[in-house]
Every structure is written in structure tokens, then in C-alpha cells.
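# Summary of structural features
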Amino acid sequence: MENEGRRRFLGVCVAGATAAAAVAAGYPVFRYLAPRAGQEGAAKLVIPAGELKEGDAKFFEFAGSSAVLIKTKSGELVALSAVCTHLGCIVQWVKEKQQFQCPCHGGQFSTDGTVLGGPPPRPLAKIPLTVTEGNITIG
Amino acid sequence: MLKRLYRWLDLRIGVGEIVEKELTGYLLPRNINEWYSLGSVLLIIFALQVVTGMLLMIYYVPDADKAFKSVTFIMNEVPFGWLIRLCHAVGSNMMVAVLILHMLSTLLMGSYKAPRELNWVTGFTLLALVQGVSLTGYLAPWSQLSFWATTVATNSASAVPVVGPYLVEFLRGGKLVGPPTLGRFFALHAAVLPVVIAAFIGAHLFLLKRTGISAPPFGREGTANPFEAQQYHYQGHPGGIPFFPNYVLQDLTSISIYFAVFLAVVFFWPGMPFTPDAFVPADPFKTPAHIKPEWYFLANYQTLKIFPSELLGLSVQAAAMTFLALLPFIDRSPERHPLKRPIFLTLVIAGILLWIALSVWGHLS
Ligand code: HEM
């Protein structure tokens, strides 16, 4: 009986020490592999308004992801996430139709991001923007 | 829970039978000693080198323009990058040290004798391969130290008659050490040599399985080798102690002691694998003063220097290495107890002292 207790105690000690060692080795490796914070790039971006003609789209990197700025035929400016809400491909601008088409599974989005057709479950996320003195500030 | 999993596996694939045959029923000589656990320590070290090497490869860039920067980035920016790199750099030094101890223990106990000649030969090849993997890895950080140590090391091949100069160029991938050298050395270091080493470790262990482990020559009446080359015979140890749990405990003890020493170096002597030149990016136009190889090449380095001609120095080393590699075929007496082999023991001690003396001399010169 006493032997049993000793065995159990030692078993718990060994298991505890092993677990501690596993954490001590695992934590540094996890941190080493984890994506580094603060690598997402600026969360604000300034684009000169003159860079974009009516009916055109401009793709850029924004907060670690892909985004697009469009100037509609009517001159309205819209910034959207360029990541298709279906499976994460990057939507392409179809200038003739003035809409977005996803090359992966044919999802279609209008200039304000609403789904026009295909499998995407949600509209493209809108990114706020302000225009001041010929500069477009995104974010 | 574990017991049920074990039973589940046993019912399906008969793990119990394997455990019975390879672990609890694998009997070792009763007088087995601690030195027999160094092989297991080496297996763990090798595994750790492979894992830390794979981790380093995530951030390391094998390009002469970027290598030094990427290593600095690992050391200063990546969380725990310093730890992974130090484990890899210190581990390589420790591996050579433990390798030498393992070799000396099998040497002194006469374990290399028949029928274990091939264990020795594969082991000796492993020593050479591990030295090779260290040498090629040394270039990877592309520091002044890497660059000039590699220049000196590859240059010694020029003493080979006739083909020497071409051999040097072939090793370097150009007239001088440069970006092409990094390409080939990195491929050797991270792809070719590890696979070859793993294969030789496999052969080493396979041979051990076929011959059976030797009994130490100590603490028993008969110390001579019982082997007679009549027919194949597995040397078992009836009445011996089981590998599991008895010797596994010894293996774990030795591994723990190893880790204590290893981690002490990593945390309290992190400069061990480096010299100041290791922190300066390679500059092909500026040779630093006093470039020295790593400690385990110091004896080779000094030997090259003391002979009047490089060819002579190289030949002496080649002869010594060949002699050691073929030792089991040269020294064929069956006696294994070192104290009953005074000439052998004297030569071994003299050899060790000579090696130490040459290394210290090389270090100080
Ligand atoms: C990566 C390097 C190596 C690994 C992983 C390794 C591994 C092992 C293992 C696990 C054993 C069985 C247990 C033991 O006796 O320790 C062993 C035995 C042996 N090793 Fe190694 N070894 C290596 C290098 C060497 C070297 C450099 C030599 C000598 C030149 C050598 C010579 C031997 C011999 C002769 C035995 C048989 C021992 C006996 O049966 O008593 N090994 N090795």
C-alpha cells in the first residue's frame, strides 16, 4: 500500500516535470513561429487623387491585406477590401462592366461591394476614406 | 487510459510482442556501464540539430547578400531566435565532443574488435561526416569568421599533388570563396550530409542489432573476446538486465546530464561558438588577423603548420585517420581489457595527449 502511494507520487512528479519541460521547449518554438505583431503595415494610407481616372481601379496593400480604390463613372470614390468573401482570392476589376469579378469561382461584386452573382456569401468590406486637398486618405 | 490505448494497439498490431522482444526482453550484460549510454545521447543530439536546423531555415536566407542580415535578424528580432540559433551552434560543438567520448569509450573497452569491426568503421565515417556538416555549416552565417575559416580550410586541399589547385576551385565553385561556395556548402550542410548521416546512423544501429551489444571487459573473469569466426552468431546476454526499464533509466540519466551541461553553455556561455569576427559581415577584401578553426580542427590546423611542406602535413593526417579507421583490422588480438594491453593503453594515452597538445598549441600560436 505504501509502495503504491510512493509509486503514484513519483509518477505525478515525473509527469509534472515532463509537462514543465514540454512547455519550456514548446513556448519558445511557438513564439518563434508565430506571426510577428506590428508587421501589418500602415493602417492609414494617402493616395493623390490625381492618380485615378474615372472608371478606373487601383489595388494596394492595406493593413496587411489587399484593398482596392475605385472612382466610379459618376466620380464617386469607394475603397473596398479586395479579398473575395467566398474563398479569399483577390477580385479583379472588369472595367468594361464596371464591376468586380473573382477569377476563382466567378463571384461578382458591384462598385459598392454588394454581391451581384456567384457564390460569395457577403459583400466586400468597405474601408472608410476621406478626401482633403486632392489627397485621398484611406483608413 | 494509456493502458487501454496500449491494449487496443496490442490487439491489432501486436505491440506487446515487439516490446517483449526489443525492450523488456532485450537483455544487456549485467556489468554494462554508463559509457554505453553515449550512443543514445548522440541520437538525441542529432535529432535536436535536425529540429533546430529546420527552424532556422524558416528565417535564414542562403544568399551571400542576405545571409548575414538574416542571421542577425534571427538573433535580434525573431522571438527566441537567439535561443534556436544558440542551440544549433552550441549543439554542433557538443555533438563533436560527445562523439569523441563515445569513440574513446568503445576504443578503450575494445568494442571495435571482431565481430564489431563494421560498427567501428560506420562510426568512424559518422565522425568524418559530422565534421563535414560542421565545416559546411560554419560558412552559412557569411560572417568574417565564416568566410575566412572556409578560405583557409578549403585552401589546405591545394597541397594534394597534381589536382590540388583544381580541387580547391571545385570545392569553392570558383577561384576564391564567394557566393557559389555558399550555394554548394549550404546544400551539403542542410540537405546532403544530414541524409547521409541519418543513413549511416541507421547502418550503425542495424549492425549493432545483428552483432548484439558487447559486454564490457571489466568486472568479469574472462575479458578476451569470445568471438570465433566460424559462423554467424548473435551475441546475447542470457540472465542480463532488461533494456526497458533498467537501461532506459541510465540512458535518460545521461541525456539529462547532457542537457544540464548543454543548457548551461547556451545560457551562461553563449559566446562559446563565436569570436568577434563572427559579428562582422564577410568582406572578401579584408582578411582579419588570427583566423582560427573551431576547437576540434585545431590539431589538424597546427599539424599543417608544423610540417615544412603542406603535402607532408596533409599526408601525416591522412595516414593517421586511415590508421584509426582501419584499427579493428590492424589490432586483432582478442584481449579487450585495457589494463591487460599496456602497449595499446600507452599509445591511446599518448595519442590523446598529442591531440590535446597540438590543439592547445594551435590555439595559442
Ligand atoms: C552520429 C554519431 C553516432 C551515433 C548516433 C552512434 C550511436 C550508437 C549507439 C546508439 C550505439 C549502441 C549503444 C552504445 O554502445 O552506445 C553505438 C555503438 C557503437 N558505436 Fe556508435 N554512434 C555514433 C558514432 C560513433 C563513432 C564516431 C564511433 C567510433 C569511431 C562509434 C563506434 C561504435 C561502436 C564500436 C559501437 C559498439 C559498441 C558495443 O557493442 O559495445 N560510433 N553507437
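Throughout, a residue's number is its position along its own chain's written sequence, starting from 1. The order in which chains are written sets their letters, starting at A; the order in which ligands are written sets their numbers, starting at 1. Note on the predicted model: pLDDT of at least 70 is required for a residue's local features to be given, and 80 or more for side-chain atom pairs to be given and counted; whole-chain, interface and lining totals, by contrast, use all residues. Side-chain metrics rest on all non-hydrogen atoms present in the structure, leaving aside hydrogens and water.

Going by this rule: UniProt positions are given in the numbering used here, feature names are shortened, and annotations may be inferred rather than shown by experiment.
By the naming in an unreviewed UniProt entry, chain B goes by Cytochrome bc complex cytochrome b subunit and is assigned to Geomonas anaerohicana. What UniProt records for chain B under Subcellular location (unreviewed entry) is the sentence "Membrane".

As annotated in an unreviewed UniProt entry, chain A carries the name Ubiquinol-cytochrome c reductase iron-sulfur subunit and comes from Geomonas anaerohicana. In its Cofactor (unreviewed entry) section, UniProt records this for chain A: "[2Fe-2S] cluster".

### Thoughts on the sheet that holds strand 3 (residues 65-71) of chain A
Residue and element names in this part refer to chain A. Defined as follows: Two strands qualify as a pair provided DSSP detects at least 2 bridges between them. Secondary structure elements are defined from DSSP: runs of H or I of at least 4 residues count as helices, runs of E of at least 2 residues count as strands, and each element is numbered from the N terminus.
Strands sit in the order 2-3-4-9 across an open sheet of four strands; the sheet is antiparallel. Each of the sheet's edge strands pairs with one partner strand only, and the pair in question is strand 2 (57-62) and strand 9 (126-127). Sheet topology note: the strand 3/strand 4 (residues 77-81) ladder contains five bridges and is antiparallel. Residue Ala67 lies in a different strand from strand 4, and its bridge partner there is Ser81.

### Overview of the interface of chain A and chain B
The cut-off we apply is this: Note on definitions: a residue-residue contact is assigned when non-hydrogen atoms from the two residues lie within 4.5 Å. We define buried area as the total accessible area lost by two parts upon association, computed with a 1.4 Å probe and summed across both. By definition here, a salt bridge exists when the distance from a side-chain nitrogen of Lys or Arg to a carboxyl oxygen of Asp or Glu is within 4 Å. Polar contact is defined as a pair of N or O atoms within 3.5 Å, subject to the rule that within protein one atom must be able to donate a hydrogen and the other to accept it, and that residues adjacent in sequence are counted only when both atoms are side-chain atoms. Residue polarity follows a fixed list, in which Ala, Val, Leu, Ile, Met, Phe, Trp, Tyr, Cys and Pro are nonpolar, Asp, Glu, Lys and Arg are charged, and the others, Gly among them, are polar.
Contacts between the two partners involve seven residues from chain A and, on the opposite side, 13 residues from chain B. Summing both partners gives a buried area of about 910 Å² for chain A against chain B, and 71% of it is carried by carbon and sulfur. Interface area lost by chain A to chain B is led by Pro28, Tyr32 and Arg36 of chain A, which between them contribute 71%. Where chain A meets chain B, there are zero salt bridges. On inspection of chain A and its partner chain B, the count reaches three residue pairs in polar contact (both at pLDDT 80 or more). For the side of chain A that touches chain B, the per-class residue count stands at five nonpolar, no polar and two charged.

### Here's the deal with the pairing of strand 4 of chain A
On a regular strand, one side chain projects to one face of the sheet and the next to the other, so that they alternate. What counts is decided by this rule: Exposure categories follow from relative accessible area, calculated using a 1.4 Å probe and restricted to protein chains: below 20% of the type maximum is buried, above 50% is exposed, and the middle band is partly exposed.
The buried fraction of strand 4 of chain A is high, at four of five residues. Hairpin geometry of strand 3 of chain A and strand 4 of chain A is characterised by an intervening segment of five residues between the two adjacent antiparallel strands and by a positive phi of about 90° at Gly75 of chain A.

### Observations regarding the sheet that holds strand 1 (residues 45-48) of chain A
All names here are of chain A. Note the following rule: Orientation is described by axes fitted as lines to C-alpha atoms, over the contacting stretch for helices, and by angles from 0 to 180 degrees between their N-to-C directions.
Pairing within the open sheet is antiparallel, and its three strands lie in the order 1-11-10. The outermost strands of the open sheet, each flanked by one partner alone, are strand 1 and strand 10 (129-132). On average, adjacent strands in this sheet sit at an angle of 25° to one another, irrespective of strand direction. Summarising the sheet, strand 1 and strand 11 (residues 135-138) pair through four bridges and their orientation is antiparallel. Pairing of Val46 across the sheet is with Thr137, part of strand 11.

### Quick notes on the UniProt feature "domain: Cytochrome b/b6 N-terminal region profile" (unreviewed entry) in chain B
Following the UniProt record, the feature "domain: Cytochrome b/b6 N-terminal region profile" (unreviewed entry) maps to residues 5-217 of chain B here. The span residues 5-217 of chain B carries 73% helix and 1% strand; its end-to-end C-alpha distance comes to 42 Å.

### So, the coordination of the iron atom of the ligand
Residue and element names in this part refer to chain B. The following threshold applies: As a rule, N, O and S atoms within 2.8 Å of a metal are its donors, except that Na, K and Ca use 3.2 Å; water is not among the atoms, so sites may look incomplete. All geometry calls rest on donor angles, where a four-donor set with angles between 85 and 135 degrees is tetrahedral, four- and six-donor sets with opposite donors more than 155 degrees apart and all others between 65 and 115 are square planar and octahedral, and all else is irregular.
For the iron atom of the ligand, the full set of protein donor atoms is His102 (NE2) and His204 (NE2), at a range of 2.0 to 2.1 Å. Relative to the metal, the six donor atoms surrounding the iron atom of the ligand lie at angles of 85 to 180°, and the coordination shape comes out octahedral. In this pair, His102 sits in helix 5 (residues 81-108) while His204 sits in helix 9 (residues 179-211), placing the two residues 102 residues apart along the sequence.

### Points about the site of the ligand
Residue and element names in this part refer to chain B. In plain terms, the rule: Nearness of a residue to a molecule or strand requires only that one of the residue's heavy atoms be within 4 Å of it.
Around the ligand lies a shell of 24 residues, among which Tyr36, His102, Gly123, His204 and Ser214 are the nearest. A distance of 3.4 Å separates an oxygen atom of the ligand from a polar side-chain atom of Arg116. A distance of 2.8 Å separates a nitrogen atom of the ligand from a polar atom in the side chain of His204. Elements supplying a minimum of two residues to the shell around the ligand: helix 3 (38-59), helix 5, helix 6 (117-139) and helix 9. No other element matches helix 6, which puts six residues into the shell around the ligand. When its residues are assigned to classes, the shell around the ligand shows 14 nonpolar, nine polar and one charged.

### Concerning the pattern of salt bridges
Taken as a whole and judged by the stated rule, the model has seven salt bridges over all chains. A salt bridge links Lys58 of chain A to Glu51 of chain A; the shortest N-O distance between them is 3.3 Å. Take Lys58 of chain A: its relative accessible area is 26%, and that puts it in the partly exposed class. The partner of Arg341 of chain B in a salt bridge is Asp331 of chain B, and the shortest N-O contact between them spans 2.5 Å. Of this pair, Arg341 of chain B sits in the loop between helix 13 (327-330) and helix 14 (342-364) while Asp331 of chain B is found in the loop between helix 13 and helix 14, placing the two residues ten residues apart along the sequence. One exposure class covers both Arg341 of chain B and Asp331 of chain B, and it is buried.

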